[in-house]
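Residue-level structural notes
The lines below spell out each chain.
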Amino acid sequence: MTSPIALLPDAQLRPLLDAYEASVRSRRWHTLLILACIAVAMVLSSMSAEVSLPKLFDNIHRFPSYVLRLFQLENGRPVWTDVAEWFWGLPRWLRLLGETLLMAYVGTVLGAIGAVMLCFFAAANVAPSRWLRMAVRRFCELCRTVPELVFALVFVIAFGLGPLAGVLAVAIHTVGALGKLFAEVVENIDMKPVEGITAGGSSWPVAMRFGALPQTTSNFVSYALLRFEINVRSTAVMGFVGAGGIGQDLIEAIRKFYYSDVSAILVLIVITVSVIDTLTSYVRHRLIGLQEKH
Amino acid sequence: MPAHFPVDLDAVRGRHPQHFQRFDRRRQTVIALAAAAFALLVFAMDQLDFFDGKLLKGMGRLVEIIGLMLPPDPKDWAHVRIFSSALLETIAISLLGTLMAAVLALPLAFLAARNITAQRVVRFLSRRSLDTIRSVDILVWALIWVNVVGLGPFAGALAIMTADIGTFGKLFSEAIEAADRKPVEGIVSTGGGQLLGVRFGIIPEVFPVLASQVLYFFESNTRSASIIGIVGAGGIGLYLAEAIRTLELQQTSFIIFMILVSVVPIDYVSGQLRFAVIGRRGVVA
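Scoring rules and cut-offs
- Residues numbered from 1 in each chain as written.
- Chains lettered and ligands numbered in written order.
- Predicted model: local features only at pLDDT ≥ 70, side-chain atom pairs only at ≥ 80, totals over all residues.
- Helix = DSSP H or I, 4+ residues; strand = E, 2+ residues; numbered from the N terminus.
- Rg over C-alpha atoms; globule rule 2.2 N^0.38 Å.
- Buried ≥ 20, exposed ≤ 12 C-beta atoms within 10 Å, placed from the backbone.
- Contact = placed C-beta atoms within 7 Å.
- Nonpolar A, V, L, I, M, F, W, Y, C, P; charged D, E, K, R; others polar.
- Axes fitted to C-alpha atoms, helices over the stretch in contact; angles between N-to-C directions.
- Parallel < 35°, antiparallel > 145°, perpendicular 65-115°, else oblique.
- Left-handed = near helix turned anticlockwise from the far one by under 90°.
- Domains from an automatic or database assignment.
- Expected span 1.5 Å × (residues − 1).
- Bend = angle between axes of the 7 residues up to and from the residue.
- Core = buried A, V, L, I, M, F, W, Y, C linked by C-beta atoms within 7 Å.
- pLDDT = per-residue confidence, 0-100.

**Overview of the overall build of chain B**
Helices and strands together make up the secondary structure of chain B, namely 11 helices and 0 strands. Starting at the N terminus and walking to the C terminus, you meet the elements of chain B as α-α-α-α-α-α-α-α-α-α-α. Relative to the globule expectation of 19 Å for 285 residues, the C-alpha radius of gyration of chain B, 27 Å, shows a markedly less compact shape. Dimensions of chain B, computed from the C-alpha atoms along their principal axes, are close to 80 × 75 × 40 Å.

**With respect to the overall build of chain A**
Secondary structure summary: chain A contains 12 helices and 0 strands in total. The globule rule puts the C-alpha radius of gyration for 294 residues at 19 Å, and the 28 Å found for chain A is more than 25% above it. Each principal axis of the C-alpha distribution contributes one length, and for chain A these read about 80 × 70 × 45 Å. Considering chain A as a whole, with its 294 residues, one finds that 38% of them fall into the buried category. The contacts of chain A with a sequence gap of at least 6 include a subset with a gap of at least 24, amounting to 71%.

**Thoughts on the interface of chain B and chain A**
Tallying the contact residues gives 51 residues for chain B and 49 residues for chain A. Secondary structure elements with two or more residues in the side of chain B that touches chain A: helix 2 (25–47), helix 3 (54–69), helix 4 (77–112), helix 5 (120–135), helix 6 (138–149), helix 7 (153–177), helix 10 (237–245) and helix 11 (249–278) of chain B. Residue composition of the side of chain B that touches chain A, grouped by class: 34 nonpolar, 10 polar and 7 charged.

**Examining the packing of helix 6 of chain B against helix 7 of chain B**
Residue and element names in this part refer to chain B. Relative orientation of the contacting elements helix 6 and helix 7 amounts to 135 degrees, with a least axis distance of 8 Å. When the axis of helix 6 is compared with that of helix 7, the two are oblique. For the element pair helix 6 and helix 7, the recorded crossing hand is right-handed. Facing Ile138, Trp141, Ala142, Trp145, Val146 and Val149 of helix 6, the residues of helix 7 in contact are Phe154, Ala155, Gly156, Leu158, Ala159, Ile160, Thr162 and Ala163. When the residues that make up the contact of helix 6 with helix 7 are grouped by side-chain class, the tally is 12 nonpolar, 2 polar and no charged.

**As for the domain arrangement of chain B**
On domain assignment, one finds that chain B holds domain 1 (9–69) and domain 2 (77–278). Using only C-alpha atoms to locate each centre, domain 1 of chain B and domain 2 of chain B end up separated by 37 Å.

**Section: helix 7 of chain B**
All names here are of chain B. With 25 residues, helix 7 extends 35 Å between its outermost C-alpha atoms, agreeing within 8% with the 36 Å of an ideal straight helix rising 1.5 Å per residue. By the largest-angle criterion, aspartate 164 marks the main kink of helix 7, which is about 30 degrees. In terms of burial, helix 7 is largely enclosed, as 21 of its 25 residues are buried.

**Side note on the nonpolar core**
Ranked by internal contacts, the top residues of the largest apolar core, which has 155 residues, are A:Ala152, A:Phe155, B:Ala142, B:Trp145 and B:Ala159. Among the elements that make up this core, the one with the highest residue count is helix 5 (residues 90–122) of chain A (17 residues). Ignoring sequence-local partners within four residues, the contact set of B:Ala142 consists of B:Ala155, B:Gly156, B:Ala159, B:Ile228, B:Val231 and B:Ala233.

**Notes on the environment of B:Ala86**
All names here are of chain B. Topologically, alanine 86 is positioned in helix 4. Linking alanine 86 and proline 153, residues 67 residues apart in sequence, is a C-alpha distance of 9.7 Å. Those residues in contact with alanine 86 that lie beyond four places of it in its chain are Gly235, Ile236 and Tyr239.

**Some points on helix 1 (residues 10–48) of chain A**
Residue and element names in this part refer to chain A. With 39 residues, helix 1 should reach 57 Å at 1.5 Å per residue; the first-to-last C-alpha distance of 54 Å fits that figure. Along helix 1, the helix axis deviates most sharply at arginine 25, where the bend reaches about 30 degrees. Across the 39 residues of helix 1, 2 count as buried, placing the element largely on the outside. Just downstream of helix 1 lies glutamate 50, where phi reads positive at about 55 degrees.

**Comments concerning the confidence of the model for chain A**
Here chain A shows a mean pLDDT of 86. Residues at 70 or above account for 96%. Per-element confidence in chain A ranges from a low mean pLDDT of 77 for helix 2 (residues 53–59) of chain A to a high of 92 for helix 5 of chain A.

**With respect to the packing of helix 7 (residues 148–159) of chain A against helix 3 of chain B**
Relative orientation of the contacting elements helix 7 of chain A and helix 3 of chain B amounts to 115 degrees, with a least axis distance of 8 Å. At the point where helix 7 of chain A passes helix 3 of chain B, the crossing takes the right-handed sense. Each of A:Val154, A:Ile157, A:Ala158 and A:Phe159 in helix 7 of chain A lies in contact with helix 3 of chain B, whose residues at this interface are B:Lys54, B:Gly58, B:Arg61, B:Leu62 and B:Ile65. Of the residues assigned to the contact of helix 7 of chain A with helix 3 of chain B, the class counts are 6 nonpolar, 1 polar and 2 charged.

**Some details on unusual backbone geometry**
Residue and element names in this part refer to chain B. In this model, leucine 70 is joined to proline 71 through a cis peptide bond whose omega is -10 degrees. Structurally, proline 71 is set in the loop between helix 3 and helix 4. One non-glycine residue, leucine 247, adopts positive backbone phi at about 60 degrees. Along the chain, leucine 247 turns up in the loop between helix 10 and helix 11.

**Details of the environment of A:Met134**
All names here are of chain A. Positionally, methionine 134 belongs in helix 6 (residues 130–145). A count of 12 C-beta atoms within 10 Å places methionine 134 in the exposed class. Linking methionine 134 and leucine 102, residues 32 residues apart in sequence, is a C-alpha distance of 33 Å.

Now the structure itself:
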């Protein structure tokens with residue numbers, strides 16, 4: 001393609017190019033240094049993680065063949081030739097999937113209730129005491145740093161196998177995650193209503209209920225919906241440690257090499273998760289729209 | 001006291017009737033929704049055995065278990081050494097998985113971004129596959145990779161990589177779509193091709209955002225990496241699950257304590273790096 005733009009003569013272009021080179025050179029060194037650091041970190045961690053490329057290349061063909069095998073029935077035919085056979089356990093899986101959704105729901109609601117109660121004590125602008133604020137913040141941090149599955153493992157010992165342990169694990173994690181987000185929401189509110197109510201002589205709980213809470217509700221609900229979406233995903237694997245839901249059947253199918261069952265359950269999970277995703281994002285956009293209208 | 005300045009309540013009521021209505025339409029819907037949510041909650045709790053006495057009995061046992069967990073005690077130094085090396089392995093898994101995912105997700109993100117990829121079919125397919133990857137949990141990926149490369153930390157790193165490709169692909173493509181079009185137009189108008197436009201027009205703009213997201217995920221992946229050992233994919237999770245299953249409760253609490261302590265400096269360092277990359281703007285969602 002011929003360029004329609006007239007280029008400067010070489011004598012004039014040279015100093016400009018040199019200046020560009022000079023200004024880019026130091027940044028280029030900077031980038032190289034960072035890349036070198038990352039490379040060193042990669043090599044060190046590959047050594048620690050026992051990465052062996054020969055092993056990967058020897059076995060990588062098994063990944064596609066494993067995935068393909070997932071979509072074959074026991075008689076070697078592809079799954080879609082006999083959908084009834086593929087989804088032979090549909091009633092049971094749907095029941096377990098329903099249980100998973102209920103677990104996620106209860107976990108999210110209980111966690112959100114806990115977080116709403118805690119967040120006013122953790123927000124810098126309304127917290128009644130500094131020490132209480134620090135304590136509540138640390139508690140939330142503890143709840144969300146320990147992975148849900150670890151809580152589930154401990155709760156399975158205390159409450160026995162079953163969904164109860166899973167729900168409580170999800171709820172505790174949700175308290176931690178939402179407590180932090182809710183506190184940030186409260187920190188961003190307009191303080192004037194709270195001041196007005198306090199100036200009118202009412203107590204702290206009343207000021208929170210009528211001054212702070214109305215400003216935060218739509219954000220709270222929006223974050224809780226987002227969390228529900230995340231919790232659906234994590235309750236789906238609670239069964240891996242015996243804490244209820246569809247995970248129990250999934251891990252059994254994977255461990256015992258019931259290939260077509262694995263793919264059937266995964267397909268059900270993927271469909272459920274994307275339906276929930278779509279629904280919650282629709283509701284959340286409605287909520288945000290509502291908030292902007294006011 | 002209200003008596004000091006007389007308010008003609010009836011006049012106010014006449015002027016603003018809507019504020020004196022006890023339940024207006026909006027309020028009614030909200031109350032109905034809350035009641036429905038509460039009914040569903042009670043139904044679900046009943047279905048999940050909340051009300052048949054297991055909860056109370058379990059609470060008692062839970063208190064007992066927490067009592068047995070304290071104080072954290074690894075038993076001896078040999079265990080401390082094993083746990084520390086497993087913890088390092090966990091961090092290595094997380095770092096490796098996150099970086100590999102970032103490298104692999106970048107091209108996919110360009111394919112899924114509306115302002116780069118004009119073909120709707122390509123965009124649709126890459127988005128759907130990213131969504132599918134995202135909706136499968138990291139533990140499932142770990143189990144699948146264990147079948148491919150065998151037990152061990154390598155499977156864990158690959159699992160984190162796979163799960164994060166989905167998330168990064170989505171986040172990166174959103175960042176790319178939010179980028180300003182003008183630098184690209186400028187470059188294309190001076191004769192640079194589409195590729196040069198992406199390289200000099202878009203990458204410099206989105207790179208800080210992407211880097212901060214990668215750092216943020218390194219942090220949260222360290223937490224996920226600490227549990228994938230439960231399914232045999234390396235890291236400290238193996239020892240944690242073993243300690244819980246064999247009821248070595250003091251060791252359990254020691255391992256949890258180690259994980260918590262190791263997350264703190266990672267949090268701090270990646271937070272500082274993030275601020276250095278994007279300025280004091282806080283977390284980029």
